[in-house]
Amino acid sequence: MITAFLLRSLDRKIIVAIAVLLALAVFVPASNLLLPEDSPLHVPTYLVALFGKYLTYALLALALDLVWGYCGILSLGHGAFFALGGYAMGMYLMRQIGPRGVYGDAILPDFMVFLNWKELPWFWYGFDQFWFAALMVVVVPGLLAFVFGWFAFRSRVNGVYLSIITQAMTYALLLAFFRNDMGFGGNNGLTDFKDILGFNIQAGGTRAALFAASAIMLALSLLVASGIVRSKFGKVLVGIRDAESRVRFLGFRVEHMKLFTFVVSAMMAGIAGALYVPQVGIINPGEFAPANSIEVVIWTAVGGRATLIGPIIGAVLVNGGKTIFTGLFPEFWLFALGALFVAVTLFLPKGIVGTISGYIASRREYRKAASAKPVPIDAEPQAAE
Amino acid sequence: MFYRLIFAAFRIFFVCLSLALSLLATKAFAADDLKAMVNALGTASFAQAEELVNNLGKSGDPNVVPALEALSEGDLFVRKSDGQVFLTKRAGSKLELIDPLTGASAGEEAKSALSKVKVNNSLRRAIRAAIGGLTLMSPDRTVRLQAAQSILKAPSADSLEAVETALAAEQDAEIKGVLESARAVALLSSDRSLDDKKAAIEVIKERGGRDSISILMTAANSADEALRPDIDAAITSIENSLVFADAAQNVWYGLSLGSVLLLAAIGLAITFGVMGIINMAHGEMVMLGAYSTFVVQNIIRTSYPELFDWSLAIALPVAILVTGAVGLVIERGVIRFLYGRPLETLLATWGISLILQQAVRTIFGPTNQEVGNPSWMSGAFELGGLTITWNRMWIIVFSLSVFFALLFLLKRSAFGLQMRAVTQNRRMASSMGIRTPWVDAFTFALGSSIAGMAGVALSQIDNVSPNLGQSYIIDSFMVVVFGGVGNLWGTLVGAFTLGIVNKFLEPYAGAVLGKILVLVLIILFIQKRPRGLFALKGRAVEA
Amino acid sequence: MNEKKPKSLLYLDGVSVSFDGFRALNSLSFVVEPGELRAIIGPNGAGKTTMMDIITGKTRPDEGEVFFNGDIDLTKKDEADIAQLGIGRKFQKPTVFESHTVWDNLELALNRKRGVFATLFYTMTAEDKARIEEILETIRLTHRKDELAAYLSHGQKQWLEIGMLLAQEPKLLLVDEPVAGMTDAETAETAMLLKEIAKSRSVVVVEHDMGFIRDLGVKVTCLAEGSVLAEGSIDFVSSDPKVIENYLGR
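It should be emphasised that the depicted structure is a prediction, and the values quoted were computed from it without experimental measurement.

1. Details of the overall build of chain B
Reasoning step 1: When helices and strands are counted, chain B shows 21 helices and seven strands.
Reasoning step 2: Computed over C-alpha atoms, the radius of gyration of chain B comes to 33 Å, more than 25% over the 24 Å expected from 2.2 N^0.38 for 543 residues, which places it beyond the range of a compact globule.
Reasoning step 3: If you line up chain B on its principal axes, its C-alpha atoms span 105 × 60 × 55 Å.
Reasoning step 4: When the 543 residues of chain B are sorted by exposure, 42% land in the buried category.
Reasoning step 5: The contacts of chain B with a sequence gap of at least 6 include a subset with a gap of at least 24, amounting to 69%.

2. So, the domain arrangement of chain B
Reasoning step 1: Structurally, chain B comprises domain 1 (2-125), domain 2 (140-223) and domain 3 (246-542).
Reasoning step 2: Measuring from the centre of the C-alpha atoms in domain 2 of chain B to the corresponding centre in domain 3 of chain B gives 49 Å.

3. Notes on the interface of chain B and chain A
Reasoning step 1: With 35 residues of chain B at the contact, the number on the chain A side is 39 residues.
Reasoning step 2: For the side of chain B that touches chain A, the leading source of residues is helix 13 (residues 342-364) of chain B, giving 14 residues.
Reasoning step 3: Looking at side-chain class alone, the side of chain B that touches chain A contains 27 nonpolar, five polar and three charged residues.

4. Topic: the pairing of strand 6 (residues 87-90) of chain C
Residue and element names in this part refer to chain C.
Reasoning step 1: Side chains Ile-87 and Arg-89 of strand 6 all project onto a buried face; the interleaved residues Gly-88 and Lys-90 project onto the opposite face, where all are buried too.
Reasoning step 2: Where strand 6 and strand 7 (residues 172-176) come together, four bridges link them in parallel fashion. Paired with Lys-90 across the bridge in strand 7 is Val-175.

5. Some details on helix 1 (residues 48-55) of chain C
All names here are of chain C.
Reasoning step 1: Summarising burial for helix 1: eight of the eight residues are buried, a large majority.
Reasoning step 2: Regarding helix 1, the residues found buried are Lys-48, Thr-49, Thr-50, Met-51, Met-52, Asp-53, Ile-54 and Ile-55.
Reasoning step 3: Looking at the residues trailing helix 1, positive phi occurs at Gly-57, about 85 degrees.

6. Side note on the environment of Ser8(C)
All names here are of chain C.
Reasoning step 1: Topologically, Ser-8 is positioned in the segment before strand 1 (10-19).
Reasoning step 2: Residue class for Ser-8 comes out buried when judged on the 20 C-beta atoms lying within 10 Å of it.
Reasoning step 3: Once residues within four sequence positions are removed from consideration, Ser-8 is found in contact with Val-31, Val-32 and Glu-33.

7. Looking at the sheet that holds strand 9 (residues 219-224) of chain C
Sheet strands pair via backbone hydrogen bonds, and the direction of the pair is either parallel or antiparallel.
Residue and element names in this part refer to chain C.
Reasoning step 1: Taking strand neighbours across the sheet as the criterion, the six strands line up as 6-7-8-3-9-10 in an open arrangement whose pairing is mixed. One side of each edge strand has no neighbouring strand; the edge strands of this open sheet are strand 6 and strand 10 (227-232). Across the sheet, the mean angle from the axis of one strand to that of its neighbour is 20 degrees, orientation sign disregarded.
Reasoning step 2: Packed on one face of the sheet, helix 1 meets strand 3 (37-41), strand 6, strand 7, strand 8 (202-206) and strand 9 and runs near 150 degrees to strand 7.
Reasoning step 3: Strands in contact with helix 7 (residues 184-198) are strand 3, strand 7 and strand 8; relative to strand 8, the strand with the most contacts, it is inclined by about 150 degrees.

8. What about the confidence of the model for chain A?
Residues and elements named next belong to chain A.
Reasoning step 1: Averaged over every residue, the pLDDT of chain A is 89; the share at 70 or more is 95%.
Reasoning step 2: Mean pLDDT across the secondary structure elements of chain A bottoms out at helix 1 (residues 2-9), with 75, and peaks at helix 11 (residues 254-280), with 96.
Reasoning step 3: Within the model, the stretch residues 372-385 combines pLDDT values under 50 with 22 contacts to residues more than four positions away or in other chains.

9. A word on the sheet that holds strand 2 (residues 22-32) of chain C
Residues and elements named next belong to chain C.
Reasoning step 1: Across the sheet, which stays open at both edges, the four strands sit in the order 2-1-4-5 with antiparallel pairing between neighbours. Of all the strands in the sheet, just strand 2 and strand 5 (72-73) have a single pairing partner and so form its edges.
Reasoning step 2: The pairing of strand 1 with strand 4 (residues 63-68) spans five bridges and is antiparallel. Residue pairing for strand 4: Tyr-11 is matched across the bridge by Phe-67.

10. Some words on unusual backbone geometry
Reasoning step 1: At Asn116(A), a position not held by glycine, the phi torsion is positive, near 70 degrees.
Reasoning step 2: Positionally, Asn116(A) belongs in the loop between helix 5 (110-114) and helix 6 (130-154).
Reasoning step 3: One non-glycine residue, Glu169(C), lies in the positive phi region at around 50 degrees.
Reasoning step 4: Looking at the element boundaries, Glu169(C) is found in the loop between helix 6 (154-167) and strand 7.
Reasoning step 5: When the 14 C-beta atoms within 10 Å are taken as the criterion, Glu169(C) is described as partly exposed.

11. Digging into the environment of Glu170(B)
Residues and elements named next belong to chain B.
Reasoning step 1: Position of Glu-170 relative to the elements: it lies in the loop between helix 6 (160-169) and helix 7 (173-188).
Reasoning step 2: In sequence terms Glu-170 and Arg-144 are 26 residues apart; their C-alpha atoms lie 9.4 Å from each other.
Reasoning step 3: When near neighbours in sequence (up to four residues on either side) are disregarded, Glu-170 contacts Ile-175, Lys-176 and Leu-179.

12. Description of the UniProt feature "transmembrane region" (unreviewed entry) in chain B
Residues and elements named next belong to chain B.
Reasoning step 1: Taking the UniProt record as the reference, the feature "transmembrane region" (unreviewed entry) is found at residues 251-278, 310-330, 342-360, 393-410, 437-457, 477-501 and 508-526.
Reasoning step 2: The span residues 342-360 shows a helical share of 100% and a strand share of 0%, and its end C-alpha atoms are spaced 27 Å apart.
Reasoning step 3: The straight-line gap between the two end C-alpha atoms of residues 393-410 is 26 Å; of that span, 100% is helix and 0% is strand.

13. Overview of helix 3 (residues 45-71) of chain A
Residue and element names in this part refer to chain A.
Reasoning step 1: Over its 27 residues, helix 3 runs 38 Å from end to end, which matches the ideal 39 Å to within 8%, given 1.5 Å per residue.
Reasoning step 2: Approximately 35 degrees is the largest bend angle found in helix 3, and it occurs at Asp-65.
Reasoning step 3: Counting buried residues along helix 3, 22 of its 27 residues qualify, which places the element largely inside the surrounding structure.

Rules behind the numbers
Residues numbered from 1 in each chain as written. Chains lettered and ligands numbered in written order. Predicted model: local features only at pLDDT ≥ 70, side-chain atom pairs only at ≥ 80, totals over all residues. Helix = DSSP H or I, 4+ residues; strand = E, 2+ residues; numbered from the N terminus. Rg over C-alpha atoms; globule rule 2.2 N^0.38 Å. Buried ≥ 20, exposed ≤ 12 C-beta atoms within 10 Å, placed from the backbone. Contact = placed C-beta atoms within 7 Å. Domains from an automatic or database assignment. Nonpolar A, V, L, I, M, F, W, Y, C, P; charged D, E, K, R; others polar. Pairing = 2+ DSSP bridges. Axes fitted to C-alpha atoms, helices over the stretch in contact; angles between N-to-C directions. pLDDT = per-residue confidence, 0-100. UniProt positions renumbered as here; feature names shortened; annotations may be inferred. Expected span 1.5 Å × (residues − 1). Bend = angle between axes of the 7 residues up to and from the residue.

Structural data, given as structure tokens:
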């Protein structure tokens, strides 16, 4: 059953993408660690860290594509799941600091000592174990998505309403995490990490390993996501996106379908956050900012939604652009990003990958020229009654 | 009118007459005594000086106040040659001498010929009580009121007699009220009888307010055991009445916040509620409105300072034009290509909001800009124990006027009719000869101008910075969604409900947690009623 | 009326529903027997679509009872439950999954387990394949099975939707204006298709096209202002003065 599921997930594009990711996971760290610095093929450590970060963004965009592209749920709060995963990992990293913090307290992280706390809050228990933190990375975002989605989908909150309340959700979390008495380091968040699984987090080897882990995780998630969308379940999802009431009247439990997808997607976002935090060395409430979540939407839109590969490409392209732009003309980045939002929605609604594959498909169709029927120009799916 | 004038003239005449008489009376018997007493200060010991100050206070002559004040400040000097006491003023290397009672100049003298009259803290206390007593008798109403209030703030048994004297003479009801409270407060720390004190507690209880509680608390520390139950009872009773006052205060703050939310949300109710456009750049329209105010004020400040009180009235049409024009451009340039695709509209307008923010940041800089309050917007007034600031008051008035003006426009004008027609059935409207694209464009421009108007108002109470809009956008969406889309009344009720709920939660949960709670409540509420408080029901909505 | 309940497939009694003061259904009572093909006519706003909304669980009645298959209370169930019980519905506007192929549309409609994990790990069996091919034949779309539904003509979409309902294997089919916008030839074919379908299940058809209803030649119910105005053969109903007044016009 599972094998059938996985086999089905492999079409040519996905195979290529996974192969590329796995090759990156091997060659980039190898070139960084093994080749001498003056070799033209050497990848410098800062680039490894930078692209490692992009890969976690790509995973976040992939997660969003699953709910937005295939199920029509435009979540403006996916940054929240990302940040929660990040905080779970951050809490593990904080506890790994041990007595090496500024105040030298073996149990309490620095900020708690600073706030005069006497003992560890209950929700910090267990985070000294990696397996527990790794579990929480998926459980916490998954649980939030479950509770939120259970309420929202059951009462059929749809479309823009859903988008707005997901935004409110991440905004509420933003405000909450800013508070010192929440016990997550308030304004400053969690930082000054020392090591992960016993390895120095700053070391080149650790960075290379984190890069590889990000690439492999992205490949795995791509496999799972592809399996989901190519199954009958995935077809139901697209049905929900295009004609929700038709799906209901066919006897499917739309709310269960949406909930499952939302939770899976939130878990992926959580994993992305967990991989992101050790690579950038900090997690703070800013990650919950509604603006961040909307930016994820634009990565997905640029690459092409409902294509799985597109969001990955979009995330890397937009963030690469951001890095270059903010380096060269910092004050123009927001103009560029704003223009990108407008341009993509107006001129490239299917995104890069969607437009290209649409072009290829229409060429093939044209060559076939089998059916004499004219192809309707507007293939926009119509909403159900 | 005429009679009133005559009446007023008579009143002035009588007041002057009685004043002159009273002054004459004190002058007649005490002018020389006073002079002697003030001169005696020059050589007296501290104990004697205190006695003298008390006597001066009892004289009831306000003319001794400058001398007493100077003594307290260490500005009173005695001439070594004849023991005469003077106030002094610097005049070159010498000091100008001023008669302590009449204020007339009395020549100059070298510093070495004078010596300072010494003062210590216990003497200062006596001086304060004496001045308090004296100013209580001042002919000037405001001086008396201030004196009474300062005694009330720093009560002491010493001032009790002065207060009682003043009370007997006082005619003005307001001052009398303050004096009565002051007497009661002073009495508590005096050595009067228990019954008097019980009566005093009663008076303080009647007065109410938070400071009465603290007065009673301090009194409880030093008071007789027998008084405890009375004091405790009084405190509880005041606290109970304070609960109502607090509730009223919260309602007021809530209304104030609600009016701000209403202003920010009305425009959104038009674009989102009527046209179904998710305009994420709405907050930036508010910001542009605020910046228009800033620019207008700047021009006025530099070129026509006398017009400053009119700056908001001038800024309002400017803001409407600026934001309306920007809205028109956005609708024609972007949004019209995206009708029927609400999620894409959301993304595109978000992009526009980023561009507008950055543009303003580039032009005006990232820091807060100074926008002043015209005189009629600053200050506050009291209403039944509530302090109501004028700017909040005007914003409530303004938001309601905008609301009703808009309601009128939609329901009664030809444009409103066309707008509603297009919303309900675009094709039919267009075949009736309505230019639907222009109706769309102007509706959007209207929504944007209302945001601009909100910006003018918000510039008065919030920081004018490029991020101004960001802080309102989520709240205003919440208002519209909560109130029910497509229903202006829903927006009104939604805004004020959210404002008041927010302010009622704040004292218990703190500002941030209160806000979080409200967000969570709205999220839960939307689950229950996905289409808001005042939703339209039926088949048509879902089609 | 109560003794009718056990026999009848669908049983509505005294159903009323209002939207913001507007009474869409006014104490409507209506019975469909197993295997019956029934046509419903009535002016706009008579409550035809609202009635279907009630039966399929989209709208809850303010009062009245709705029973299916004797004793299943439909007012307590939602759309998915009701669909799984065996009530299929065709919308007024053809509603198919435009970004799926014709084949996928039918695959989704097939009456199989519809849970999350059942669909996630579903693999097509030879039996399912045969069933889909059979339906494709019935709705005359075999030659276009691999095309996106978006590219079908209006009439073909209508048929695809009917085909999806067939795949659902319902006991009762509710069909809302199946021939709106069809050519005469298509209309005649659709009438044949529906009669074919009605051989093995009950069908309720809402239609304005009197010629089409005459073709069907079945019992007709005329609704007006939310309740039943007349019921009987087409000739009987169309000669009823109240029906002429309210619907057909003089």
